[in-house]
Amino acid sequence: DIWQYYKDGHIFKMDMDESGDGKVDIRVSYKKGKKVRLLRDDDHDGYFEIGQYFDRPPWTTVMELDKDRDGKADLRYYYKGKILRLRETDENNDGKVDLREYYDQCGNLTKSEEDDDNTGRLNIIWFYNKAGEAIRAEKDNNGDGRIDTWYYYANGRLTFVEEDTNGDGKSDLWEEYDASEVLVKRSRDLDFDGKADILDTK
């Protein structure tokens, strides 16, 4: 159930039949005697849907999962040591990353980038506290590559929104929300001098 292949005295490939059905379900590749890739057929259907790569610095390991067997990774995990530091997801199988999540040295989620509304780009960034709760979000609504809307959260609920409606990089629309996330106050800067000119209290 194990086949090892050598060239010039060095192993370059190893196949394993872990399930005992006579088919290879693990394939390990080596370069100069060092393991560089491991492919795994987890459901024993003859297709290697899991790939682990050990030669992609600065990462210790990069793991890819191709659930729909289209040759493109649907999930990608990046490790430093044994700690997950980055995860990428292609949710609609178009070959583009729809969600990218960043983790700290303890494995806690700190930030994520997301394609909101299937725009084909990562247009919203989320920031999290140590408990994994969203505390802030920044969004590029018009696709110009600049943030124009800022969202603020407390205890998992939306409390405040700022928006740049004229593209000058400064907020000119402000909204406040109550504990039920109902809009209670909106103010607007009409002449873009940084001060509210209109106040609307709900």
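As a reminder, the structure under discussion sits directly above these lines.
Read on for a plain summary of the structure.

Scanning the protein chain from N- to C-terminus turns up zero helices and 17 strands. Taking 2.2 N^0.38 as the reference for a compact globule, 202 residues should give roughly 17 Å; the C-alpha atoms of the protein chain span a radius of gyration of 24 Å, well beyond that estimate. For the protein chain, the C-alpha atoms occupy an extent of roughly 80 × 30 × 30 Å along the three principal directions. For the protein chain, the proportion of its 202 residues judged to be buried stands at 34%. Counting contacts in the protein chain only where the partners sit at least 6 residues apart, residues at least 24 apart contribute 4% of the total. Counting only carbon and sulfur atoms, one obtains 47% of the accessible surface of the protein chain, whose full area is about 12,300 Å². With 34 positive and 49 negative side-chain charges, the protein chain shows a spacing of 6 Å between the two charge centroids.

This part is about unusual backbone geometry. Across the junction of Pro57 and Pro58, the peptide omega takes the value 10°, indicating a cis bond. Looking at the secondary structure, you find Pro58 in the loop between β5 (50–53) and β6 (61–65). If you check the backbone angles, Asn93 has positive phi at about 60° while not being a glycine.

Looking now at the nonpolar core. Core analysis: the largest hydrophobic core is formed by 16 residues, its most contacted members being Trp126, Ala137, Tyr151, Tyr153 and Leu158. Within the residue set of this core, elements represented by two or more residues are β7 (75–80), β11 (124–128), β12 (134–139), β13 (149–154) and β14 (157–163). Here this core takes three residues from β11, the largest share from any one element. The residues touching Tyr153, leaving out its near neighbours within four places in the chain, are Trp126, Ala134, Ile135, Arg136, Ala137, Leu158 and Thr159. By size, the runner-up hydrophobic cluster in this structure holds six residues, among which are Ile11, Met14, Ile26 and Tyr30.

Turning our eyes to something else, we now look at a nonpolar patch on the surface. Among the surface-exposed residues, Trp3, Tyr5 and Phe12 lie close enough to one another that they form a single nonpolar patch of about 280 Å² accessible area. Mapped onto the fold, Trp3 is located in strand β1 (residues 2–7). Using a relative accessible area of 37% as the deciding quantity, one classes Trp3 as partly exposed.

Most of strand β15 (residues 173–177) is tucked away, with four of its five residues classed as buried. Relative to β15, β14 runs antiparallel, the two being bridged by four bridges. Bridge assignment links Val161 to a residue of β15, and that residue is Glu175. In this sheet, strand β16 (residues 183–188) lies alongside β15 in antiparallel orientation, the contact comprising five bridges. Paired with Trp174 across the strands is Ser187, a residue of β16. Counted between consecutive antiparallel strands, the loop separating β15 from β16 contains five residues, among which Glu181 sits at a positive phi close to 60°.

Counted by the stated rule, this structure contains four aromatic pairs. Centroid distance Tyr5 to Phe12: 6.3 Å. Interplanar angle 50°. Geometry classified as tilted. The exposure class assigned to Phe12 is partly exposed, which follows from its relative accessible area of 38%. When the ring of Trp126 is compared with that of Tyr153, the centres are 5.6 Å apart and the planes differ by 45°; the resulting orientation is tilted. Taken together, the positions of Trp126 in strand β11 and Tyr153 in strand β13 put the pair 27 residues apart, joining distant regions of the chain. Comparing Trp126 with Tyr153 shows no difference in burial state: the two are buried. For the cation-ring pair, Arg56 lies above Tyr53, with the distance from its terminal atom to the ring centre recorded as 3.9 Å. Over the ring of Trp59 we find Lys80, and its NZ or CZ is 5.4 Å from the ring centre.

In this section: the pattern of salt bridges. Any two side chains of opposite charge can pair if their charged atoms end up close together. Evaluation of the coordinates by the stated rule reveals 16 salt bridges. Here Glu101 and Arg87 are joined by a salt bridge, their closest N and O atoms 2.6 Å apart. With Glu101 in strand β9 (residues 99–103) and Arg87 in strand β8 (residues 83–89), the pair connects residues that are 14 residues apart, well separated along the chain. Between Glu113 and Arg100 there is a salt bridge whose closest N-O contact spans 3.3 Å. Linking Glu113 in strand β10 (residues 109–114) with Arg100 in strand β9, this pair joins segments that are 13 residues apart in sequence. If you follow the salt bridges from partner to partner, you end up with Arg56, Glu64, Arg76, Glu88, Arg100 and Glu113 in one network.

Criteria and thresholds
Residues numbered from 1 in each chain as written. Predicted model: local features only at pLDDT ≥ 70, side-chain atom pairs only at ≥ 80, totals over all residues. Heavy atoms only, no water. Helix = DSSP H or I, 4+ residues; strand = E, 2+ residues; numbered from the N terminus. Rg over C-alpha atoms; globule rule 2.2 N^0.38 Å. Buried < 20%, exposed > 50% of the residue type's maximum accessible area, 1.4 Å probe, protein only. Contact = heavy atoms within 4.5 Å. Areas by Shrake-Rupley, 256 points an atom, 1.4 Å probe, with all protein chains shown as cover. Lys, Arg positive; Asp, Glu negative; His and termini not counted. Charge placed at Lys NZ, Arg CZ, Asp CG, Glu CD. Core = buried A, V, L, I, M, F, W, Y, C linked by side-chain atoms within 4.5 Å. Patch = residues over 30% accessible without salt bridge, like charges linked within 9 Å, V, L, I, M, F, W, Y side chains within 5 Å. Salt bridge = Lys/Arg side-chain N within 4 Å of Asp/Glu carboxyl O. Pairing = 2+ DSSP bridges. Phe/Tyr/Trp six-rings, centres within 6.5 Å; stacked < 30°, edge-to-face > 60°. Lys NZ or Arg CZ within 6 Å of the ring centre and 35° of its normal.

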